[in-house]
Structure formats: C-alpha cells, structure tokens
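# Observations on the three-dimensional arrangement
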Amino acid sequence: MKIMKFGGTSVGKPERMHQVKDLITRDSQKKIVVLSALSGTTNALVGIGDALAEANKELAKERIDALHKHYLTFYKELLKTDGARTKAEKIIKEHFEFLNIILKISFNEAINRDILAQGELLSTKLFYTLLQELDVPAVFLPALDFMSIDENNEPELHKISEKIKVILSNYPDDRIFITQGYICKNHRNEVDNLKRGGSDYSASLIGAAISAEVVEIWTDIDGMHNNDPRVVDKTRPIAQLSFDEAAELAYFGAKILHPASIWPAQQYNIPVKLLNTMEPDAAGTTITAKEQGAGVKALAAKDGITAIKIKSSRMLLAYGFLRKVFEVFEKYKTSIDMITTSEVAVSLTIDDLSHIKEIVKELEVYGTVEVDNNQTIISIVGNMIAESKGSVAQIMNCLQDYPLRMVSYGGSRHNVSLLLDAKYKNDALRSLNNGLFEWN
C-alpha cells in the first residue's frame with residue numbers, strides 16, 4: 001500500500017480535484033489518499049477564530065459568510081448530477097451551521113481547534129462525493145478515528161498503527177481510502193491538529209503506521225528545487241536527497257515539505273517522493289536513507305528570525321552558564337535554531353517571539369542582552385559539506401558583499417547556516433546560486 005498526499009493547491013479548484021481523481025485511479029495499487037483543506041480555507045478559518053478571540057462576532061460572521069459563498073460556488077462546478085449536488089449541499093450546510101452556532105457560544109481554544117478542522121473535513125467529504133458520482137469505489141476513513149497526539153502534542157504512533165490496521169482489516173478488498181491530513185484527537189479526546197503544514201506529517205505518520213511502500217507528497221511544483229524559485233530564476237528539481245538533507249532543507253525554509261514529516265518516514269525507512277499534480281509524469285524528488293555524492297545540493301532560507309546576544313564577561317566561562325541560558329528558552333517552550341559562542345558572549349536565534357519579553361527579562365540576570373529582529377537564516381545543504389575541501393571558502397566568496405551576523409559550521413555534515421539581515425536575503429540567494437551551481 002502507498003500513501004498519496006495532496007496539498008491545498010492540488011484540491012483548491014474543481015478541475016484540480018478531478019486531476020486528483022485521475023491520479024489515484026491510474027493504477028490498481030492499494031492507497032490511502034490524504035487531503036489538505038482547499039487552498040485559502042485554513043487561512044480563512046484562522047481569520048474566523050482570530051475575530052472570535054477578539055470578540056468581534058460581526059467580523060467573524062462576515063468571514064464565515066464569505067467562505068460559505070466560496071464553497072457554494074465550488075461544489076456546483078465540481079459536481080454535475082443532482083444526486084451528488086444534493087449530498088454536497090447537505091455537507092456544506094452541516095459544516096457552516098456549525099460555524100454559525102459557534103458565534104452564539106463562548107469562544108475558547110478547544111472551539112478554535114474545532115474551527116480549524118472544518119477545512120479538511122469539507123475537502124475530503126466533497127472529494128468522496130465526487131468519487132461516488134463517478135462510480136469510483138473508495139472508503140471514507142475519518143482521521144479522527146485513528147490519528148492521535150499525547151499530552152505533549154506528540155503523535156502516538158503505536159496507537160495510530162493499531163487503530164488504522166484494525167479499520168483497514170474491515171476492507172480487505174478495497175483499494176482506495178480517503179482521509180484527512182492535519183487533524184487528530186488529543187489526550188483529552190478533543191479535536192486537535194498537527195499544526196500548520198501538518199498534512200505532510202499526517203501522510204508520513206500513516207505511512208509509518210502501516211509500513212507503506214512509499215509516501216507520495218503531491219503539490220504544485222515538480223519536486224524540491226535547489227533554490228527558491230520565487231527568488232531565483234534558474235532553479236531545478238533535485239532528483240535524490242537523503243532523509244537528513246531533506247530534513248535540513250525543510251526545517252530551514254523549503255516550503256514544499258513540512259519539517260516534521262521526515263522523521264516518521266526516516267525511522268521506518270519509507271521512501272518519500274515529492275511530485276507535481278500538474279505534471280504527474282515529472283520525476284520529482286525521491287528522499288531515501290541513501291546518500292549520494294558530496295557537495296552542495298540546495299539552498300533554503302528561513303525568514304522571521306530574531307538573533308539574541310547575551311554578553312557577560314563574568315558569567316560565560318562559569319560552570320553551568322549555557323545550561324542556565326538554555327533553561328530560560330526551555331521554560332517558555334521556545335526552540336533555538338542557531339548558536340555561536342565567544343569568550344564573553346553567546347548568540348542564538350529563535351523564530352517564535354511569543355515570549356520574547358519574558359525571555360529577555362530573565363536573560364538580563366546573566367548579562368547584557370541585545371536583540372536583532374528581521375533576520376534570515378540561509379542554509380546551504382548537501383552531503384559532507386563540512387568535509388569537502390574549499391566548500392566554506394567558496395560559500396564565503398559568494399557572500400563577500402553581505403555582512404554576516406552568525407555562521408554555523410560543523411554542527412552537521414549536511415549543512416552550513418548563515419544569519420544575515422533579511423534585506424540581503426534575495427541578493428544573497430542569487431549570488432550563492434551563481435557561485436555554487438556550475439550549470440547556471
């Protein structure tokens with residue numbers, strides 16, 4: 001069995017849903033199809049929740065009505081028969097009645113998670129209705145029946161595996177199963193989610209849970225490119241990446257793949273393929289445990305970075321100083337991307353500013369704290385970069401015109417990361433592209 005995950009742009013238009021139908025029926029292999037919400041829906045649902053959180057029910061109602069209007073247009077273009085359209089009308093009515101009822105009750109975080117779940121529930125039900133209209137045999141597989149996270153918001157892979165295998169055993173002769181990405185149940189049995197981009201994570205977790213042959217991630221681009229095609233004109237898809245290389249690229253900004261989605265596939269050695277819904281015969285990118293060739297393979301950039309420097313001539317060399325610094329970030333559940341140290345200072349970066357005021361206040365106990373916002377991490381990823389002669393010199397030569405705030409080298413054999421002001425990002429990516437990839 002294989003997993004086929006389709007993102008929001010792959011199901012965001014009626015004609016795209018028909019393309020997905022064609023893709024999942026072009027072979028007879030058993031498959032679980034994981035769908036995201038229609039493109040734009042999750043953002044709209046976030047906006048509804050934000051309005052309710054601010055007690056602005058009038059704005060929330062406007063946003064609900066606008067989204068409702070979109071779906072009423074969508075289903076009429078998607079479906080042709082009266083019977084299928086009647087089913088779709090009922091589905092849409094049910095979910096938007098739910099959203100309107102929420103306007104009348106007290107808002108809380110549990111309700112917000114229910115709101116966010118509506119996108120995937122709608123997309124999968126409408127797609128399943130399309131399959132029924134076209135007489136494509138399939139089984140609807142609600143993710144809330146098997147996908148779960150624990151009190152630390154970590155997926156319960158063993159439980160997921162047990163539950164989904166029991167469900168699948170009830171359908172030994174069926175070949176297509178439709179389920180939702182992103183959504184799950186938490187340890188309180190409430191509707192929850194795997195956070196933004198979580199449909200990739202869902203697909204990888206399901207693949208691991210059933211020991212799938214392959215996890216296919218279908219988007220609107222033909223694989224992971226060696227640079228950001230939105231910034232650089234000449235980019236190309238990378239045919240093969242190792243799990244470690246792909247994880248570095250995903251974490252440091254490659255938008256095609258959710259960073260967390262690598263781990264389950266890597267743990268169970270399940271290949272991941274990144275494919276293009278609009279060009280289904282393109283080779284795309286294959287991610288496996290195998291490492292091929294040394295040298296730079298790709299660049300990625302992560303925006304929204306804040307650098308924090310703690311300067312303390314009396315404390316840095318003291319036993320346990322770094323531990324105390326890290327404990328501050330642990331206390332506020334704020335992860336660190338990069339870190340460098342000197343004799344009198346430590347600099348690090350974060351991308352979550354939720355508790356920046358509290359963090360700075362506690363760090364000031366240990367020394368002078370400087371904060372630089374609007375930074376970007378550029379990550380140069382490949383195999384054995386740190387061990388390749390001249391690689392760092394080549395990278396630095398490409399960036400000689402740009403001031404670098406931090407450099408991380410040697411922490412990984414697959415990655416050299418650089419921090420610079422966000423205003424230099426695009427020019428730096430282009431310069432690196434020209435200097436590192438000879439085919440340009």
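Above: the structure in question.
First, a word on what this report is: a plain description of the structure on this page. From a predicted model like this one, the values you see are computed outputs, not experimental measurements. Starting from 1, residues in each chain are numbered consecutively following that chain's sequence as written. Selection of residues for local features in this predicted model requires a pLDDT of at least 70, selection of side-chain atom pairs for listing and counting requires 80 or more, and totals for whole chains, interfaces and linings are taken over all residues. As a rule here, side-chain values come from all non-hydrogen atoms in the structure, and water together with hydrogens is ignored.

## Details of the pairing of strand 2 (residues 31–35)
In this scheme, a residue with accessible area under 20% of its type's maximum is buried, one over 50% is exposed, and one in between is partly exposed, where area comes from a 1.4 Å probe on protein chains only. Only DSSP runs of H or I with at least four residues qualify as helices, and only runs of E with at least two residues qualify as strands; both kinds are numbered from the N terminus onward. Counting buried positions along strand 2 yields five of five residues, so the element is predominantly enclosed. The alternating pattern of strand 2 places Lys 31, Val 33 and Leu 35 and Ile 32 and Val 34 on opposite faces, both of which are buried. Taken together, the five bridges between strand 1 (residues 2–6) and strand 2 define a ladder with parallel strand orientation. Looking at the pairing, Ile 3 lines up with Ile 32 of strand 2. Inspection of the sheet shows strand 2 paired to strand 4 (residues 176–180) by five bridges, in the parallel sense. The residue bridging Val 34 from the neighbouring strand is Thr 179, located in strand 4. Whether two strands pair depends on DSSP finding at least two bridges between them.

## Focus: the packing of aromatic side chains
For Phe, Tyr and Trp, where Trp contributes only its six-membered ring, two rings pair if their centres lie within 6.5 Å, and the inter-plane angle classes them as stacked under 30 degrees, edge-to-face over 60, or tilted in between. According to the stated counting rule, one finds seven aromatic pairs in the structure shown. Here the aromatic rings of Phe 321 and Tyr 366 are separated by 6.3 Å at their centres, their planes lie at 85°, and the arrangement is edge-to-face. Of the two residues, Phe 321 sits in helix 11 (residues 321–331) while Tyr 366 sits in the loop between helix 12 (356–363) and strand 14 (368–383), which places them 45 residues apart along the sequence. Assessed through its relative accessible area of 1%, Phe 321 is described here as buried.

## Concerning unusual backbone geometry
In the Ramachandran plot, Asp 135 falls in the positive-phi region, its phi being about 60° despite a non-glycine side chain. Its place among the elements puts Asp 135 in the loop between helix 6 (109–133) and strand 3 (139–140). Positive phi is not limited to glycine here, since Ser 211 has a value of about 55°. Mapped onto the fold, Ser 211 is located in the loop between helix 8 (198–210) and strand 7 (215–219).

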